[in-house]
Amino acid sequence: MLEMKGIDKRFGAVVALNKASLTVQDGQIAALAGSNGSGKSTMVKVLAGLVAPNAGEIFIDGEKKIIHSGTDAARENIATAFQDLSLIPTMSVKDNILLGCEICTKSGMVDEKTSRKQVQELLDRFHIDCDPDDYVQTLMPSTQSMLEVAKAVFRKPKILLLDEVTASLHYDEIETLFGIMRELKAEGISMVYVTHRMNEIFEICDTITIMRSSETVISGQVSEFTLDDIIYYMTGSRPKHAKAKESDLSHLDDREVVVNVKDISVYPKVKDISMKAYKGEIVGIGGLEGQGQPEVIRAILGAVKPQSGSIEFMGKPVKFKDPAAGVKAGIGFISGDRNKEAIFDVRTIAENIFAGNSAKESLFAYLSARKVRQFSEDAVKKYNIKIGKLKDPASSLSGGNQQKLVVARWIAMNPNLLLLDDPTKGVDIHSRQEIHEILRECAANGMTIIISASDTEELLNISDRIYVFYEGKVAAELAGETKTAEHLVSAMMGVQESGGKEAAE
Amino acid sequence: MSNKTMTFNPNANKDIFSKINLFVQTHTALMALIIAVVLYVVTIIINPRGLNTVAIGNIILLTIILSIPAAGQTMVLIGGGMDFSVGAVMSSTAVLTTYTMRGENGHFITVLLLSLVIGAAVGLLNGVCCVKIGLPAMIVTMAISNIVTRMQYILTQGILSGKASPLFSASVKSKIFGVIPMIVIYAIIVWPIVFYLLKRSRFGKQLYMVGNNSGAARLNGVRVTKIQIMSYVFSGMLAAFAGMLGAAYMSTARCQIFDDYAYMSLIAVIIGGTTFAGGSGTYEGSIAGSLVMVLLSNLLTTLNPTQPVRNVLNAAILILLLVLYNRGKAVRQ
C-alpha cells in the first residue's frame with residue numbers, strides 16, 4: 001500500500017502542493033484528476049523523486065520512506081512514465097529501455113542476446129511496431145509515448161506512475177495499454193493514473209483522488225462518482241451542458257474566401273491537400289496524429305515551404321518566405337506545444353502577452369512601458385488569466401493559464417486569420433471551455449479560424465466545418481448533418497463512406 | 001503537537017533562504033552594486049589614501065569605458081550569442097585613432113565614421129558566421145578577432161605610431177569640478193541609446209524573445225536571424241567607439257592594447273545578471289558589473305602582489321562571483 005500524507009511543495013512564491021495526500025491499495029489503479037496546475041504532476045514527481053517536498057511523509061506498506069532522487073524511487077520499486085517523456089531521442093529503442101538496468105553476463109559484460117530477446121518481448125507485448133535498433137527520434141509521438149510506458153513496465157515496478165500517457169495515443173494503442181494495465185493489476189501492482197480524459201477514469205480506474213488548487217479535495221471509489229461530480233470537484237462549479245452553436249452555413253458561397261489552399265504537398269507527410277476557409281468561419285482539421293495537420297497549418301503561416309500547390313490569402317496568391325511575412329499579412333499562430341513554440345518562460349507575463357505586438361510594426365519606434373502594461377492588463381482581465389503579478393515570469397503560470405496567455409497574445413492583435421495547432425493539448429477542461437468561448441466570439445466578429453485538434457469531441461464542438469486528413473490527403477469534409485462523431489472517426493481511420501461531402505471540389 | 005513544530009521550524013528557515021535567493025535572482029543589478037561597494041570599502045580600509053579625487057575619477061572613467069563594449073556584449077548574450085571580438089575591435093579602432101589623428105585636432109568625424117564602419121563590418125561578419133552559417137559563436141568570434149588583430153600589425157608594422165588629438169583626449173580626461181572626468185558626456189550619449197534599444201524598442205523585445213526561445217520567436221513572426229545579426233553589429237559598433245575613447249584616454253595606442261576587454265566585458269555582463277542561456281539580463285546590471293571589474297582591479301593594485309599572484313587572485317575572485325549568482329534559475333517545471 002502506498003500512502004502520501006500532508007505533502008507540501010513550493011516553487012519560490014508559488015504553492016504547488018498544500019497538504020496533499022494520496023492513497024493507493026495494492027493491485028489498484030488510482031486515478032489522479034484535477035485541472036491544469038492543480039498539482040497532479042507535482043505529486044507524481046514527488047513520488048518519482050524528481051521534486052523534493054518541503055514537508056510531508058510517504059509510506060509504502062506502512063513503512064516510512066524517504067524519496068529524494070530517482071535512485072531512491074527505483075530502490076522502492078517505483079517506475080514512472082512521464083508526460084513529457086524520459087526517452088533520449090538520439091539513443092536506440094533498446095538502449096532507452098535498458099538504460100540504468102542493463103542486463104549483464106556473469107563477467108559483467110552487457111548480455112546482448114538476452115537484452116535483445118527481452119526488449120523484443122516487451123515491444124511485442126505493447127504492440128509497438130518498431131525495431132529495437134531504431135532511434136527514438138525517428139518514431140511517431142504516439143509510439144514514443146507507448147515506449148515510455150513500456151520502459152517503466154520493464155523495470156518490474158511495484159508501483160507504476162502513469163502521467164498523462166494517453167495524451168497522444170491512438171484509440172487502439174489505448175486499448176492495448178489498458179489490457180496491459182489490467183494484467184499488471186492482477187499481478188498486484190499499484191498504479192497511479194493521471195489523465196484529462198474522463199471516460200478513461202471510468203473505464204480503467206478503481207479509486208479516484210481529485211485535486212484542486214494544490215490540495216486534495218476528495219477521494220473515493222470511482223463507482224461513487226458521476227462525470228458531473230468529478231468536474232464539480234475539479235472546478236468548483238457544475239458543468240453547463242451547453243450545445244455547441246451551429247453557424248449559419250446557408251450563405252457559405254456568398255462569403256469571402258480568406259484562405260484557399262490548392263493541392264499543396266509538403267514532404268513527407270502532406271501529399272495533396274486542398275481546403276478553403278471563409279470569413280468568420282471556424283474550420284477544423286481532424287485526423288489521427290501524423291497525417292499532416294501541423295505541416296499544412298505551418299505552410300499557410302509560411303513556416304514550411306510546400307513543394308507544390310498554391311495558397312491564396314485574402315484573394316491574392318501568396319508565398320510567405322518566413323512566418324514573419326505571414327504575421328505581417330495578418331495571420332496569427334497558436335501552438336499547442338507551449339514550451340517549444342509559444343512561451344517565453346523567463347520573460348515576464350506582460351512581455352509574453354505583448355509578444356505578438358512586439359513582432360509587428362517598426363523595430364526602433366518608441367514603445368512606452370505604459371502601452372505594454374495597458375495592453376497586457378486588458379488581456380489578463382478580458383480573458384480571465386490567473387496571474388500573480390504582470391512582472392512575474394511566464395513560467396510561474398500553470399499550463400492552462402499559459403495557453404490562455406498565448407491565445408490572448410494573438411486575439412488581442414485581431415488577425416484576419418488565426419491558426420491553431422492542437423491548442424488545448426494538456427489543457428484542463430475549464431480553461432479549454434474558456435478558450436473555445438473566446439474563439440467563438442472572435443469568429444462571430446469576423447475572424448477566420450483554422451484549428452486542428454486531437455480530441456474528436458473538441459473538434460466537433462468548436463468547428464463549423466471539418467476537414468479530415470488521412471495519409472496526407474483530405475479523406476472527408478464534414479459540415480452540417482454529416483458533422484457527427486461517427487463520420488469523423490470513420491474518416492479518421494481512413495474508412496471510405498458516402499456520408500461525407502466529396503473533398504476536392 | 002511537538003511533531004508539528006519540529007517539522008515547521010526548518011521550513012521557516014528554508015523560506016528565508018528561498019526568499020533571499022529569489023531576491024538575489026530578481027535584483028542582479030543591485031547585487032552587483034552591493035558587491036562593488038563591498039570591494040571599494042575593503043580597498044579603502046586597506047589603503048585609506050586611496051580615497052582621493054584622482055582615484056575616484058579614474059574609477060568612473062574606466063567603468064564608463066568598460067560599460068560600452070559591455071553594452072554590445074549584453075545585447076549579444078541576451079540574443080543567445082557571445083562576442084569575443086570586442087577586445088580586438090577596440091584595439092583596432094584605438095590604433096586607428098592614434099594613427100589617423102597624429103596628435104592633430106580636426107580628424108574626429110573621419111575617425112568616428114571609419115571606426116563605426118569597421119565595427120559594423122566585423123559585427124556583420126560575426127553575425128553572418130554565427131547565425132546564418134550556424135558556427136559556434138565562441139570559436140568564430142575568436143577567429144575573427146585574430147584577423148582583426150593582424151590588421152593592426154599590417155597598418156602599423158607593430159610600431160607605436162601617432163597620438164590622439166589633444167582636444168579629443170581632453171574631452172575624455174579633463175575633470176569637471178576636479179573630480180568627474182569629461183567622459184561622462186559620452187556615457188550620457190551612449191547609455192540612453194542602449195537603454196532605449198533594450199527597453200523601449202521592439203528590437204529589444206524581440207531580442208529577449210529570440211534569446212529565450214528562438215523557435216517560438218520565429219513562429220511568432222520575429223525574423224530571428226536578422227535580430228541576432230543586428231545584435232552582433234551593434235556590439236561591433238559599440239566596441240569600435242569604446243576603442244576610440246580608450247585611445248583618447250591613453251593618448252597613444254600599441255597593437256592589442258585593449259584585447260583584455262573581450263573577457264572583461266563578458267565577465268562584467270555575467271556579474272550583472274545576464275545569463276549565457278540568453279533571454280535575460282539588463283544593461284544596468286552590466287554597468288554595475290563593469291564597476292565591479294574596475295574596483296576589483298583597483299583592490300588588487302592596492303594589495304600590490306606580484307603579477308602572477310595578482311592573476312591568480314583575480315581569477316579566484318571572479319570564479320567565486322560567478323558561482324555565487326549565475327546558478328540555475330528556480331523554474332517551476
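As the structure is a prediction and not an experimental result, all values here were calculated from the model. (Residues numbered from 1 in each chain as written. Chains lettered and ligands numbered in written order. Predicted model: local features only at pLDDT ≥ 70, side-chain atom pairs only at ≥ 80, totals over all residues. Heavy atoms only, no water.)

1. Some thoughts on the confidence of the model for chain B
Residues and elements named next belong to chain B. Mean pLDDT for chain B: 88, with 93% of residues reaching 70 or above. Low pLDDT, under 50, characterises residues 1-11; the stretch is placed with three contacts to residues that sit more than four places away or in other chains. Note on residues 328-333: pLDDT is under 50 here. Beyond four places in sequence and across chains, it has 16 contacts. (pLDDT = per-residue confidence, 0-100. Contact = heavy atoms within 4.5 Å.)

2. Focus on the pairing of strand β18 (residues 448-452) of chain A
Residues and elements named next belong to chain A. With five of five residues buried, β18 lies mostly within the body of the structure. By the bridge criterion, four bridges tie strand β13 (residues 282-286) to β18 in an arrangement that is parallel. Each bridged residue has a counterpart across the sheet, and for Ile 285 the counterpart in β18 is Ser 452. Relative to β18, strand β17 (residues 417-421) runs parallel, the two being bridged by five bridges. The partner of Leu 417 across the bridge, within β18, is Thr 448. In this region the chain leaves β17, passes through helix α15 (residues 429-444) and returns to the parallel neighbour β18; the handedness of that crossover is right-handed. (Buried < 20%, exposed > 50% of the residue type's maximum accessible area, 1.4 Å probe, protein only. Helix = DSSP H or I, 4+ residues; strand = E, 2+ residues; numbered from the N terminus. Pairing = 2+ DSSP bridges. Right-handed = clockwise from strand over helix to strand, strands pointing away.)

3. Considerations on the sheet that holds strand β8 (residues 190-194) of chain A
All names here are of chain A. If you walk across this open sheet you meet the six strands as β6-β7-β8-β3-β9-β10, and the pairing is mixed. Looking along the sheet, the strands with just one partner apiece sit at the ends: β6 (78-81) and β10 (215-221). For this sheet the average axis-to-axis angle between neighbouring strands, irrespective of direction, equals 15°. In this sheet, β10 lies alongside strand β9 (residues 207-212) in antiparallel orientation, the contact comprising six bridges. From the neighbouring strand, Arg 212 faces β10, where its bridge partner is Glu 215. Each of β3 (29-34), β9 and β10 is contacted by helix α8 (residues 227-235), which is oriented at about 30° to β9, the strand it contacts most. (Axes fitted to C-alpha atoms, helices over the stretch in contact; angles between N-to-C directions.)

4. Things to note about the domain arrangement of chain A
Residue and element names in this part refer to chain A. Per the domain assignment, the segments making up chain A are domain 1 (2-235) and domain 2 (252-463). Once you take the C-alpha centre of each, domain 1 and domain 2 turn out to be 32 Å apart. Contact residues are listed per partner, giving 14 residues for domain 1 and 12 residues for domain 2. Between domain 1 and domain 2, the buried area comes to about 1000 Å², and carbon and sulfur atoms account for 62% of it. At the surface where domain 1 touches domain 2, the tally comes to zero salt bridges. On inspection of domain 1 and its partner domain 2, the count reaches zero residue pairs in polar contact (both at pLDDT 80 or more). Listed by contribution, the elements that provide at least two residues to the side of domain 1 that touches domain 2 are α5 (141-154) and α8. In terms of residue count, the dominant contributor to the side of domain 1 that touches domain 2 is α8 (three residues). Split into classes, the residues belonging to the side of domain 1 that touches domain 2 amount to five nonpolar, eight polar and one charged. (Domains from an automatic or database assignment. Buried area = accessible area lost by both parts, 1.4 Å probe. Salt bridge = Lys/Arg side-chain N within 4 Å of Asp/Glu carboxyl O. Polar contact = N/O pair within 3.5 Å; in protein donor to acceptor, adjacent residues only side chain to side chain. Nonpolar A, V, L, I, M, F, W, Y, C, P; charged D, E, K, R; others polar.)

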